[in-house]
Amino acid sequence: MTRDLPDPSTRAASRPFGRVLTAMVTPFTADGVLDLDGAARLANYLVDEQGSDALVVNGTTGESPTTTDAEKERLIRTVVAAVGDRAKVVAGVGTNDTRHTIELAGSAEKAGAHGLLVVTPYYSKPPQAGLVRHFTAVADASGLPLMLYDIPHRAGVAIETETLVRLAEHGRIVAVKDAKTDLTATSWVTSRTGLAFYCGEDPLILPALAVGSVGVVGTSTHFTGARTQEMIRAFEAGDNATALALHRRLLPLYTGIFRTQGVILVKAGLTAKGLPAGPVRAPLVDATADQLAQLRADCAAAGLDLPE
């Protein structure tokens, strides 16, 4: 018996957070203090100029390991106040402690977030039964829709296909940030569930769309967001030639932004553009002059200008 596949025409209806989500960096002042005014300004830039449909705050690119719970809540409130009337705000709340994750989820909901990003518990490497229990507990405790974050090369454990199929049965688990780089696994899950898959690896956005993904949670989209929107819309319109041309044009920055930790180069690039960013917090280190020069070259190769 042949399984009925999802109708591509229903893709938009199953896209809970839009096409382009940017994993927003967290601006700090020169002395490392949370810059809320800068966060509001950056959020407006990402939505109004880069075309982000949603912003992910307090993710890894937002340096969540180095921000306090109080800072996380203040950042959510600030970004929601700045752009929440025209873009979704998804709060990263994942930790490797289920109780702490539930606490952060409750704080994010009170602060006005529209959704939650919950990463696979890292370092402790729980078995698949533990992942089911963890994600289900968070979903049960919150009234917000959840996006699971599957990133085994950082977390140490993947969310297996059958686990994702099982978790998809929960009404508030609606999406996956897919950084597993396994398009076969993506294909199986998108063919068997209604989960909205968002590519979590910028260079794979177009291939992921071809196997059922609906968009991206991007890092380079601090700079490429508007053109990434064009690429996704072209693909959805059946204009594969335009989509491929845009993919190839943006590839130097899709890949180049990860020459070191993405947040390091994003903050360097935003600073060069006169936008709020500030330094990174230890143990990360700011971009070197050579890294910034390479970033400018990658931007130029992608047809984007980064001021000297």
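What you see is a predicted model, and the numbers here were worked out from it, not measured in a lab. (Residues numbered from 1 in each chain as written. Predicted model: local features only at pLDDT ≥ 70, side-chain atom pairs only at ≥ 80, totals over all residues. Heavy atoms only, no water.)

**Some words on the side chain of T193**
The topology assignment puts T193 in the loop between α7 (183-192) and β7 (196-199). Polar side-chain contacts of T193 include one of 3.1 Å to the backbone nitrogen of L195. (Helix = DSSP H or I, 4+ residues; strand = E, 2+ residues; numbered from the N terminus. Polar contact = N/O pair within 3.5 Å; in protein donor to acceptor, adjacent residues only side chain to side chain.)

**Comments concerning the nonpolar core**
M24, V79, V83, L116 and L270 are the most contacted members of the largest nonpolar core, which totals 60 residues. Excluding anything up to four places from it in sequence, L270 contacts V25, L42, Y45, H222, F223, L275, P276 and A277. (Core = buried A, V, L, I, M, F, W, Y, C linked by side-chain atoms within 4.5 Å. Buried < 20%, exposed > 50% of the residue type's maximum accessible area, 1.4 Å probe, protein only. Contact = heavy atoms within 4.5 Å.)

**Things to note about the sheet that holds strand β3 (residues 88-92)**
The strand order around the closed barrel built from eight strands is β1-β2-β3-β4-β5-β6-β7-β8, with neighbouring strands paired in parallel fashion. The mean inter-strand angle of the sheet, taken between neighbouring strand axes irrespective of direction, is 25°. In terms of strand pairing, strand β6 (residues 173-178) meets β7 through four bridges, oriented parallel. Looking across to β7, one finds that K177 is bridged to Y198. Sheet contacts for helix α9 (residues 221-236): β1 (20-23) and β8 (215-218); angle to β1, the most-contacted strand, approximately 165°. (Pairing = 2+ DSSP bridges. Axes fitted to C-alpha atoms, helices over the stretch in contact; angles between N-to-C directions.)

**Let's talk about unusual backbone geometry**
Residues A282 and P283 are joined by a peptide bond in cis, for which omega reads 20°. A positive phi is found at Y123, a non-glycine position, where the angle reads about 70°. With respect to the element layout, Y123 can be found in the loop between β4 (115-119) and α4 (128-141).

**With respect to helix α11 (residues 262-272)**
The element α11 is largely enclosed, with a buried count of nine among its 11 residues. Those residues of α11 not exposed but buried are G262, V263, I264, L265, V266, K267, A268, G269 and L270. Elements in contact with the buried residues of α11: α1 (36-48), α9, α10 (240-256) and α12 (289-301). Just past α11, the residue G274 takes up positive phi, approximately 75°.

**Some details on the UniProt feature "active site" (unreviewed entry) in the protein chain**
In this numbering, the UniProt entry assigns the feature "active site" (unreviewed entry) to Y149 and K177. Sequence-wise these annotated residues cover 29 residues; spatially they are packed, their C-alpha atoms never more than 4.7 Å apart. Looking at the secondary structure, you find Y149 in strand β5 (residues 146-150). Residues within four places of Y149 in sequence aside, it is in contact with L117, V118, V119, T120, I159, K177 and A179. With respect to the secondary-structure elements, K177 resides in strand β6. Overall, the relative accessible area of 7% leaves K177 in the buried class. (UniProt positions renumbered as here; feature names shortened; annotations may be inferred.)

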